[in-house]
Amino acid sequence: MDPASIDARREAVAAQLTARNQTHVLRWWDELTSAQRLQLLADLGSIPWDTVDPLIDSHVRNAPTRRLPSGLTPPAVYPHETDPGERREYAEAIEQGRNQLRDGKVAAFTVAGGQGTRLGFDGPKGAVAVTPVGDRTLFELFAGMVKAARGRSEAAIPWYIMTSPGNHDDTEAFLTGHSFFGLPEADVRLFSQGMLPAFDAQGRLLLVEKHRVALAPDGHGGSLKALCTSGALADMQRRGITTISYFQVDNPLVKPFDPLFIGLHTSAGSDMSTKVAAKADDLEAVGNLCMQDGKLGVVEYSEFPEQFARARNDDGSRKFDAGNLAIHLLDVAFVERIVGVSFELPFRRAEKKVTHIDEQGASVEPETPNAIKLETFVFDALPLANNPLVLEVDRSEEFSPVKNATGTDSLDTSKRDQMLRACRWLDSAEVPVPRKPDGSPDVTITIAPSFALDADEVRLKRDQIGPIRAGDAVSID
Ligand code: UTP
């Protein structure tokens, strides 16, 4: 682009910035190269000011006044432990779910646009090796699940992956470099979510470099809009997909093709369904599924009044015990209905540490949160859904995310949980698993999705499993 047109673009952007008291971001303009100027203009031009303008006052300079949850009641939950009546209903739902899969009505959808700052892995989180044996990455595991489900259902189940501009190219290169782990390229579709600027407490834009605005992905709630704007939703409609199986990139235990969940969701005519697990303790840092004003929603733990968190039923059980696992089914028609041109889920304010440059241009690595990010959360679509459904699952079977470098929800705890689940599946198939005197497995085991997606499949294939000796590291493929 010639210098005159760069200057013309600068004038237009400067006018926008002047109106908003944000011209400080052009401070280093004179020392930038042409390429850097174009980059800065691109960053600034990507800011959706119509969305952002009102939020600077309501969410950045001030913390939004959220209505204190009142009148909360626990939601109706399809239980994990069933009585005979429920068992019949579940058996019918499983059949219906299998039919949905066979009819090619279900797509897998991984949200992988997050920055993964807590884990601190250099690359997309999906490229982290997570299995106890064989160092399979999260993307390889999910691809294996999709492949296995395609084989079982004989349907061309597509897999959609949402990235963000910061990890899109690396994600694409990783999947291409691994030939999409054997899936047809046409059935794996990547698209990027939107970004929003991070601000200082006064509502001023931050720069990460002299020519780069601090931008961050707009939250997993941005997935609904991105499904639409990327054309993924239209692609689903073209393929006859009706149900989107939504899951996060960080959970290797997820079961995206659970016929029970799919069948219950379909037979209830639910727009959006969610899996929950009993909370580990009253104050566990997990969102709480609740009814409020007749609508299902999630109240974050930080906003959940302690008297509710500690409330008990007459039998002593926890009253609010439906912890959000971020595993959802969404109807394509529902997403299409709610994602209008100006659609936004409610914005949430997050105080985060954001590396930036100071007024002298020196890089600052903050030790405490210094910036406000704006995000929407996918579970905020639940109150908009008709007939939303909640299914309780056994956490140890379906949820063990990799979020942190150490401690809870880390690679170590996730590998342990994958191992324990594999051993339970083998136990249920009566395949002997060597144990230590304390009862813990004396082996390291991975059961690949190509071999089994659940305990039932292990039982069916038990004759294909060779003897497992103490101390072995076994990958059952
Ligand atoms: P997390 O809330 O765990 O955030 O995302 P994160 O960005 O991955 O990690 P931290 O907080 O920086 O350590 C939960 C899921 O939502 C996706 C993530 O990729 C993950 O699968 N996500 C999150 C997005 O796709 N986009 C976002 O803007 C935020």
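Just above, that's the structure.
Residues numbered from 1 in each chain as written. Predicted model: local features only at pLDDT ≥ 70, side-chain atom pairs only at ≥ 80, totals over all residues. Heavy atoms only, no water.

Novice: Outline helix H1 (residues 3-19), supporting the account with residue identities and numerical values.
Specialist: Taking 1.5 Å per residue, 17 residues should reach 24 Å; H1 reaches 24 Å between its end C-alpha atoms and fits that length. Within H1 the residues assigned to the buried category are Ile6, Val13, Ala14 and Leu17. The buried residues of H1 occupy an angular sector of 110 degrees when projected down its axis, which confines them to one face. Of the residues in H1, the exposed ones pointing more than 90 degrees away from the buried face are Ala4 and Ala19. (Helix = DSSP H or I, 4+ residues; strand = E, 2+ residues; numbered from the N terminus. Expected span 1.5 Å × (residues − 1). Buried < 20%, exposed > 50% of the residue type's maximum accessible area, 1.4 Å probe, protein only. Arc of directions from axis to C-beta.)

Novice: So what's going on with the site of the ligand? Residues and values would help.
Specialist: The local shell around the ligand holds 18 residues, among which Val111, Gly113, Thr117, Arg118 and Gln193 are the closest. At 3.0 Å, a backbone N or O of Val249 approaches an oxygen atom of the ligand. Protein chains bury 88% of the 570 Å² of accessible surface belonging to the ligand in isolation. (Near = heavy atom within 4 Å. Polar contact = N/O pair within 3.5 Å; in protein donor to acceptor, adjacent residues only side chain to side chain. Areas by Shrake-Rupley, 256 points an atom, 1.4 Å probe, with all protein chains shown as cover.)

Novice: Run through the side chain of Ser153, naming residues and quoting values.
Specialist: Locating Ser153 in the fold gives a position in helix H5 (residues 138-153). Judged by relative accessible area, which is 8%, Ser153 ranks as buried. Those residues in contact with Ser153 that lie beyond four places of it in its chain are Leu101 and Arg102. (Contact = heavy atoms within 4.5 Å.)

Novice: Give me the side chain of Asn324: which residues, what numbers.
Specialist: You can see Asn324 is positioned in strand S12 (residues 323-331). Its relative accessible area of 11% is what places Asn324 among the buried residues. Within polar-contact distance, the side chain of Asn324 engages the backbone nitrogen of Ala326 at 3.0 Å. Excluding residues within four positions of it along the chain, Asn324 makes contact with Thr274, Lys275, Val286, Gly287, Leu289, Val298 and Phe379.

Novice: Can you break down the pairing of strand S3 (residues 188-192) residue by residue, with the values?
Specialist: Here 5 bridges tie strand S2 (residues 159-163) to S3, and the two strands are oriented parallel to one another. Looking at S3, one finds that Trp159 is bridged to Val188. What joins S2 to S3 is helix H6 (residues 168-177), and the crossover it makes is right-handed. (Pairing = 2+ DSSP bridges. Right-handed = clockwise from strand over helix to strand, strands pointing away.)

Novice: Before we move on, could you go through a negative patch on the surface and cite the residues and values that matter?
Specialist: A cluster of like negative charges, contributed by Asp122, Asp169, Asp170, Glu172 and Glu185, occupies part of the molecular surface. When you line up the elements, Glu172 lands in helix H6. Its relative accessible area of 37% is what places Glu172 among the partly exposed residues. (Patch = residues over 30% accessible without salt bridge, like charges linked within 9 Å, V, L, I, M, F, W, Y side chains within 5 Å. Salt bridge = Lys/Arg side-chain N within 4 Å of Asp/Glu carboxyl O. Lys, Arg positive; Asp, Glu negative; His and termini not counted. Charge placed at Lys NZ, Arg CZ, Asp CG, Glu CD.)

Novice: So what about the nonpolar core? Which residues, and what values?
Specialist: Residues Phe139, Phe142, Trp159, Ile161, Leu175, Phe257 and Leu391 are the most contacted members of the largest nonpolar core, which totals 46 residues. Top element by residues in this core is H5. It accounts for 8 residues. Among all residues touching Trp159, those that are not within four sequence positions of it are Ala108, Thr110, Phe139, Phe142, Ala143, Val146, Leu183, Asp187, Val188, Arg189 and Phe247. Counting residues in each nonpolar core, the second largest holds 36 residues, with Phe109, Ala226, Leu227 and Phe334 among its members. (Core = buried A, V, L, I, M, F, W, Y, C linked by side-chain atoms within 4.5 Å.)

Novice: Can you break down the packing of helix H4 (residues 84-102) against helix H9 (residues 259-267) residue by residue, with the values?
Specialist: The geometry of H4 relative to H9 is characterised by a closest axis approach of 6 Å and an angle of 95 degrees between their N-to-C directions. The orientation of H4 with respect to H9, classified from their angle, is roughly perpendicular. Residue-level contacts link Glu89, Tyr90, Ala93, Ile94, Gln96, Gly97, Arg98, Gln100 and Leu101 of H4 to Pro259, Leu260, Ile262, Gly263, Leu264, Thr266 and Ser267 of H9. The residue makeup of the contact of H4 with H9, split by class, is 8 nonpolar, 6 polar and 2 charged. (Axes fitted to C-alpha atoms, helices over the stretch in contact; angles between N-to-C directions. Parallel < 35°, antiparallel > 145°, perpendicular 65-115°, else oblique. Nonpolar A, V, L, I, M, F, W, Y, C, P; charged D, E, K, R; others polar.)

Novice: Talk me through the environment of Glu31; I want residue IDs and the actual numbers.
Specialist: Inspection of the secondary structure puts Glu31 in the loop between H1 and helix H2 (34-45). When the C-alpha atoms of Glu31 and His211 are compared, they prove to be 9.8 Å apart, with 180 residues separating the residues in sequence.

Novice: Residue-level account of the pattern of salt bridges, with values.
Specialist: Per the counting criterion, the structure on display carries 38 salt bridges. With a shortest N-O distance of 3.0 Å, Arg424 and Glu397 are connected by a salt bridge. Separated by 27 residues along the polypeptide, Arg424 in helix H13 (residues 411-428) and Glu397 in helix H12 (residues 395-398) bring together distant segments of the chain. Owing to a relative accessible area of 14%, Glu397 belongs among the buried residues under this scheme.

Novice: A description of the packing of aromatic side chains should follow, citing residues and the corresponding values.
Specialist: Centre distance and the angle of the planes are the two values used to describe a pair of aromatic rings. Taken as a whole, this structure holds 11 aromatic pairs when the rule is applied. Between Phe109 and Tyr246, the aromatic rings sit 5.9 Å apart at their centres with planes inclined by 75 degrees, giving edge-to-face as the arrangement. Here the residue Phe109 occupies a position in strand S1 (residues 106-111), and Tyr246 occupies one in strand S8 (residues 243-248), the gap between them amounting to 137 residues. The class for Phe109 is buried, based on a relative accessible area of 0%. (Phe/Tyr/Trp six-rings, centres within 6.5 Å; stacked < 30°, edge-to-face > 60°.)

Novice: How would you explain the packing of H1 against H2 if you had to name every residue and give the values?
Specialist: Direction vectors running N to C along H1 and H2 enclose 35 degrees, while the axes themselves pass 10 Å from each other. The handedness of the crossing between H1 and H2 is left-handed. Where H1 approaches H2, its residues Ile6, Arg9, Arg10, Val13 and Leu17 are matched on the opposing element by Ser34, Arg37, Leu38, Leu41, Ala42 and Leu44. Considering only residue class, the contact of H1 with H2 consists of 7 nonpolar, 1 polar and 3 charged. (Left-handed = near helix turned anticlockwise from the far one by under 90°.)

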